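# Fold and contact review
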Amino acid sequence: QVQLVESGGGSVQAGGSLRLSCAASGYTASRVCVGWVRQAPGKEREGVAHLTGYGNFYYHDSVKGRFTMSRDNANNTVYLQMNSLEPEDTAVYYCAAALRSWCGWTDFTYWGQGTQVTVSS
């Protein structure tokens, strides 16, 4: 069974940084797309970043240059380094995955529990 466990959320002031972690189990990284999706109150879910099984990283335009996704295959973990955080980044951030090598964030079928990120001005 695929399981995603997230951590790293918290509260920071504008301009600060956080690093989110997502530990995955139940599948190998070589056969999975994994990424981060966020949802702010009253808004629809928005894809933030994702990594395909081919090793390609993709970012939403709103976070390009500020967020960086990375992976640690030895621990089957992916990270989202978030720098220069803005109040508009406030949301619940979800780790998500799909058992396929190529995907967009709308293809995710497995989800973590979510972790709250709050950015104050």
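Residues numbered from 1 in each chain as written. Predicted model: local features only at pLDDT ≥ 70, side-chain atom pairs only at ≥ 80, totals over all residues. Heavy atoms only, no water.

### Overview of the state of the cysteines
Convention followed: Any two cysteine sulfur atoms lying within 2.5 Å of each other are counted as a disulfide. We count a stretch as a helix when DSSP gives it H or I for four or more residues in a row; a strand needs E for two or more, and each element gets its number in order from the N terminus. With a 1.4 Å probe rolled over the protein chains alone, any residue whose accessible area is under 20% of its type maximum counts as buried; one over 50% counts as exposed, and the rest are partly exposed.
Under the definition given, this model contains one disulfide. In this model, cysteine 22 is linked to cysteine 95 through a disulfide, with the two sulfur atoms separated by 1.9 Å. Between cysteine 22 and cysteine 95, the S-S dihedral sits near -75°, and the bridge is therefore left-handed. Remark: cysteine 95 occurs in strand 9 (residues 91-98) and cysteine 22 occurs in strand 3 (residues 18-25); sequence separation between them is 73 residues. In this structure cysteine 22 comes out as buried when scored by relative accessible area, which is 1%. Judged by its relative accessible area of 0%, cysteine 95 is buried.

### Focus: the pairing of strand 8 (residues 77-82)
Rules: Pairing between two strands is assigned when DSSP locates at least 2 bridges connecting them.
For strand 8, the tally of buried residues reaches five of six residues, placing the bulk of the element in the interior. Sheet topology note: the strand 7 (residues 67-72)/strand 8 ladder contains six bridges and is antiparallel. By the bridge assignment, arginine 71 is partnered in strand 8 with valine 78. Following strand 7, the chain reverses through four residues before pairing antiparallel with strand 8; asparagine 76 in that reversal takes a positive phi of roughly 50°.

### Focus on the side chain of arginine 38
Short version of the rule: Counting of polar contacts relies on pairs of N or O atoms within 3.5 Å, with two restrictions inside protein: one atom must be capable of donating a hydrogen and the other of accepting it, and residues adjacent in sequence are counted only when both atoms are side-chain atoms.
By the secondary structure assignment, arginine 38 is in strand 4 (residues 33-39). Within polar-contact distance, the side chain of arginine 38 engages the side chain of serine 62 at 3.3 Å.

### Some words on the side chain of threonine 52
This is how it is decided: Residue contacts follow a heavy-atom distance rule, with two residues in contact if any of their heavy atoms lie within 4.5 Å.
On the secondary structure map, threonine 52 appears in the loop between strand 5 (46-51) and strand 6 (57-59). Beyond its immediate chain neighbours, meaning those up to four positions away, threonine 52 contacts Val32, Cys33, Tyr58, Ser101, Trp102 and Cys103.

### Looking at the packing of aromatic side chains
Quick reminder of the rule: Put simply, two rings from Phe, Tyr or Trp (the six-membered ring, in Trp's case) pair if the centres are within 6.5 Å, and we call them stacked under 30 degrees between planes, edge-to-face over 60, tilted for the rest.
A complete count under the given rule lists four aromatic pairs for this structure. When the ring of tyrosine 54 is compared with that of tryptophan 102, the centres are 6.3 Å apart and the planes differ by 45°; the resulting orientation is tilted. Linking tyrosine 54 in the loop between strand 5 and strand 6 with tryptophan 102 in the loop between strand 9 and strand 10 (110-111), this pair joins segments that are 48 residues apart in sequence. A residue is classified by how much of its surface remains accessible, and tryptophan 102, at 43% relative accessible area, is partly exposed. With a centroid separation of 5.7 Å and 90° between ring planes, the pair formed by tyrosine 58 and tryptophan 102 is classed as edge-to-face. Residue tyrosine 58 is located in strand 6, and its partner tryptophan 102 is located in the loop between strand 9 and strand 10; the two are separated by 44 residues in the primary sequence.

### Points about the nonpolar core
One broad trend across soluble globular proteins is that nonpolar side chains are buried collectively. Stated formally: By convention a nonpolar core is built from buried Ala, Val, Leu, Ile, Met, Phe, Trp, Tyr and Cys residues, the set being connected through side-chain atoms within 4.5 Å.
Trp36, Val48, Phe67, Met69, Leu80, Met82 and Tyr93 are the most contacted members of the largest nonpolar core, which totals 28 residues. At the level of elements, strand 3, strand 4, strand 5, strand 7, strand 8, strand 9 and strand 11 (115-120) are the ones that each hand at least two residues to this core. Counting residues in each nonpolar core, the second largest holds six residues, with Cys33, Ala96, Ala98 and Cys103 among its members.

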